[in-house]
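Remarks on the overall topology
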Amino acid sequence: MRRAIVLAVFLALGAIVLLAPWPVPAPRVAGREVVIRARQYEYAPGVVRVSQGERITMVLEAEDMTHGLYVDEYNVDLVAVPGRPARASFVAEREGKFRLRCSKVCGSLHPFMLGELIVEPNSPWWRVVGLTILTALGTVTYLTIGRAEAPRGVHA
Ligand code: CUA
């Protein structure tokens, strides 16, 4: 009896993981603009999060002097002068964390002017992970309950 309930609960949870609308739609055609402001010696925001497959237009605005923005492994290199933002579009195909670094010498701490681009896996991947975890939990619960009920046999 309890096994049937556990089974029903996990099947329902599985359906939710599979069918729930995802807040961040996977590859978007229109793309998203990400504005990054640069000043000695930091980027704001320092960490940029996007979804894998998303089309990104990166806009670099320099606040105090000329700064660059190079995205590791994405071959994106922007140079912005105050009052003249620079922009580049690319598709965030590769998942992972990528260093952002200033590519124009801008002072003594220039080598330490860094940021991070985080490309998060898109939703189908998370659904797979969710289902895997649910299946594991469901199996363990199902077996545990079965073992606790079976040997007694009082109600059988
Ligand atoms: Cu900013 Cu180098």
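See above for the structure.
Reference entry: report on the structure contained in this document. Because the structure is predicted, anything quoted here is derived from the model rather than measured.

Scanning the protein chain for helices and strands turns up two helices and nine strands. Within the protein chain, the proportion of its 156 residues that are buried is 32%. Accessible surface, the protein chain as shown: approximately 9,700 Å² in total, 61% of it carbon and sulfur.

According to the stated counting rule, one finds eight salt bridges in the structure shown. For R32, the salt bridge is made with E54, and the minimal N-O distance between the two is 2.9 Å. Of this pair, R32 sits in strand β1 (residues 32-39) while E54 sits in the loop between β3 (47-51) and β4 (55-62), and the two are 22 residues apart along the sequence. Assessed through its relative accessible area of 29%, R32 is described here as partly exposed. In this structure, the salt-bridge partner of R101 is D72, at a minimum N-O distance of 2.9 Å. Here D72 lies in the loop between β5 (67-71) and β6 (76-80) and R101 lies in strand β8 (residues 96-101), a separation of 29 residues in the sequence.

Judged by its relative accessible area of 1%, E54 is buried. Here R32 takes part through its side chain, which lies 2.9 Å from a polar atom of the side chain of E54.

Take the nonpolar core next. In this structure, I36, Y74 and L117 are the most contacted members of the largest nonpolar core, which totals 27 residues. Within the residue set of this core, elements represented by two or more residues are β1, β3, β4, β5, β6, β7 (86-91), β8 and β9 (114-120). Other than its neighbours up to four places away in sequence, I36 contacts Y43, A44, P45, V48, M58, V59, L60, E61, L69 and L100.

Secondary-structure assignment places F98 in strand β8. Considered as a pair, F98 and G115 are 17 residues apart in the sequence and their alpha carbons are 8.5 Å apart. If we skip the residues at most four places from it in the chain, F98 touches V71, D72, E73, Y74, G115, E116, L117 and V119.

Okay, the side chain of T57 next. Inspection of the secondary structure assignment puts T57 in strand β4. Relative accessible area serves as the criterion here: at 16%, T57 is assigned to the buried category. For T57, the residues in contact, after removing those within four places along its chain, are R32, E33, V34, R87, A88 and S89.

Conventions we followed
- Residues numbered from 1 in each chain as written.
- Predicted model: local features only at pLDDT ≥ 70, side-chain atom pairs only at ≥ 80, totals over all residues.
- Heavy atoms only, no water.
- Helix = DSSP H or I, 4+ residues; strand = E, 2+ residues; numbered from the N terminus.
- Buried < 20%, exposed > 50% of the residue type's maximum accessible area, 1.4 Å probe, protein only.
- Areas by Shrake-Rupley, 256 points an atom, 1.4 Å probe, with all protein chains shown as cover.
- Salt bridge = Lys/Arg side-chain N within 4 Å of Asp/Glu carboxyl O.
- Polar contact = N/O pair within 3.5 Å; in protein donor to acceptor, adjacent residues only side chain to side chain.
- Core = buried A, V, L, I, M, F, W, Y, C linked by side-chain atoms within 4.5 Å.
- Contact = heavy atoms within 4.5 Å.

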